[in-house]
Amino acid sequence: MSSIDVQIEESWKKRLNDEFRSEYFHNLKEFLVSEKLNGRKIYPPGSQIFSAFNHTAFENVKVVILGQDPYHGEGQAHGLSFSVPPGVRIPPSLLNMFKEIRSDLGYNIPTTGNLEKWATQGVLLLNATLTVRANEASSHQNRGWETFTDSVIRTLSESREHLVFMLWGRFAQAKENLIDASRHLILKAAHPSPFSADRGFFGCRHFSRCNEYLRTQGKTEINWKLD
């Protein structure tokens, strides 16, 4: 089967070429085309679907923060998990992440929810599903994206060493079996959602623990401060 020409950063294109040639990915593309032909509005915009990869080359990944779905509200999703574009109100889960960073590292809560600064330092902000129908949460689950992003996680685990995987909530923690814990640091906690943050996300200190691990591996720490 021919490879679909995906507009994705070259190091990822090379690593994931077998995925782009696969039957499931061709079916996924057909599904997305049919959604648009049927007048469905899809988030994020097509040019931003692979933003997480385009901001963080394969060789530059140090940390993976796994989300589930893109935001499904107008103007919120731009291809990075938990992140929103400049000027967009900070969503509740992201605000709780900032509260934990304040408690953990002493940084003030930023005025922006745009996490591109993290991404360019090596934080892969990966959603398990990379698209969603407007105003319909989870509407593009089980269409093939999870197979693709599972392969991304597995490839990182097998081909890189000493990465930090932050798995928040049961959905993300179900991906733990894709990661070689003898090669990488896996940090698990409750999801930062207001419904669960009090049950183990607050106080997890994942941001300082991540930097401590990177430091012991001779890697540059992540500057979690946004402004």
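Before reading further, recall that the structure is shown in the block above.
Model, not experiment: these values are computed from the prediction.

What counts as what
- Residues numbered from 1 in each chain as written.
- Predicted model: local features only at pLDDT ≥ 70, side-chain atom pairs only at ≥ 80, totals over all residues.
- Heavy atoms only, no water.
- Helix = DSSP H or I, 4+ residues; strand = E, 2+ residues; numbered from the N terminus.
- Rg over C-alpha atoms; globule rule 2.2 N^0.38 Å.
- Contact = heavy atoms within 4.5 Å.
- Phe/Tyr/Trp six-rings, centres within 6.5 Å; stacked < 30°, edge-to-face > 60°.
- Buried < 20%, exposed > 50% of the residue type's maximum accessible area, 1.4 Å probe, protein only.
- Pairing = 2+ DSSP bridges.
- Axes fitted to C-alpha atoms, helices over the stretch in contact; angles between N-to-C directions.
- Lys, Arg positive; Asp, Glu negative; His and termini not counted.
- Salt bridge = Lys/Arg side-chain N within 4 Å of Asp/Glu carboxyl O.
- Expected span 1.5 Å × (residues − 1).

*Asks:* Go over the overall build of the protein chain, please, and point to the residues and values.
*Replies:* The helix and strand inventory of the protein chain stands at nine helices and six strands. In summary, the protein chain has a C-alpha radius of gyration of 17 Å against a globular reference of 17 Å for 227 residues, a match within 12%. Overall, the protein chain is about 50 × 35 × 30 Å in size when its C-alpha atoms are taken along their principal axes. Contacts in the protein chain between residues at least 24 apart in sequence constitute 66% of all its contacts with a sequence separation of at least 6.

*Asks:* Explain the packing of aromatic side chains to me, using residue names and the numbers behind them.
*Replies:* Following the criterion strictly, the structure yields 20 aromatic pairs and no others. Judged by centre distance (4.9 Å) and plane angle (90°), the rings of W118 and W224 are edge-to-face. One end of the pair, W118, is in helix α6 (residues 116–119); the other, W224, is in the segment after α9 (206–216), and 106 residues separate them in sequence. Judged by its relative accessible area of 2%, W224 falls in the buried class. Through a chain of ring-to-ring contacts, three or more aromatic side chains come together here, namely W12, F20, Y24, F25, F50, F53, F58, W145 and F148.

*Asks:* Can you tell me about the sheet that holds strand β3 (residues 123–127), naming the residues and giving the values?
*Replies:* Spatially, the four strands line up as an open sheet ordered β3-β2-β5-β6, and their pairing is parallel. Edge strands, defined here as strands with exactly one partner in the open sheet, are β3 and β6 (185–189). Mean inter-strand twist for the sheet, computed between neighbouring axes without regard to direction, equals 20°. Sheet analysis places strand β5 (residues 164–168) next to β6, joined by five bridges and oriented parallel. Bridge pairing links F165 to I186 in β6.

*Asks:* Account for the side chain of E100, with residues named and values stated.
*Replies:* With respect to the element layout, E100 can be found in helix α5 (residues 92–105). Summary of buried charges: E100 has no salt-bridge partner, and the nearest side chain of opposite charge, R205, is 6.1 Å away. Ignoring sequence-local partners within four residues, the contact set of E100 consists of F201, F202, G203, C204, R205 and F207.

*Asks:* Explain the environment of G46 to me, using residue names and the numbers behind them.
*Replies:* Along the polypeptide, G46 turns up in the loop between β1 (42–43) and α4 (51–55). In this structure the C-alpha to C-alpha distance between G46 and F171, which are 125 residues apart in sequence, comes to 25 Å.

*Asks:* Requested: an account of α9, with residues and values cited.
*Replies:* Those residues of α9 not exposed but buried are H206, F207, S208, C210, N211, Y213 and L214. The inward-facing, buried residues of α9 abut β2 (63–67), α5, α6, β5 and β6. Once α9 ends, the next one or two residues include G218, with phi positive near 75°.

*Asks:* Requested: an account of α5, with residues and values cited.
*Replies:* The terminal C-alpha atoms of α5 lie 20 Å apart, and with 14 residues this matches the ideal 20 Å at 1.5 Å per residue to within 8%. Burial in α5 covers these residues: S93, L94, N96, M97, F98, E100, I101 and D104. On the buried face of α5, the contacting elements are α6, β5 and α9.

*Asks:* Before we move on, can you summarise the pairing of β3 with the specific residues and values?
*Replies:* Across the five residues of β3, five count as buried, placing the element largely inside the fold. Covered by surrounding structure in β3 are V123, L125 and N127 together with L124 and L126, the residues of both alternating faces. Pairing geometry for β2 and β3, over five bridges, is parallel. The residue of β3 that forms the bridge with L66 is L126.

*Asks:* Lay out the pattern of salt bridges in plain terms, naming residues and giving numbers.
*Replies:* Going through the model one piece at a time under the given rule, you end up with nine salt bridges. In this structure, R205 and D104 form a salt bridge, with 3.3 Å as the shortest nitrogen-oxygen distance. Highlighted residues: R205 in the loop between β6 and α9 and D104 in helix α5, separated in sequence by 101 residues. Looking at D104, the relative accessible area reads 12%, which means it is buried. Salt-bridge contacts for E136 lead to R133; the nearest nitrogen and oxygen are separated by 3.1 Å. Taking the relative accessible area as the measure of exposure, E136 reaches 32% and is therefore partly exposed. Classification of R133 as buried rests on a relative accessible area of 14%. Where salt bridges share partners, they join E35, R40, R133 and E136 into one cluster.

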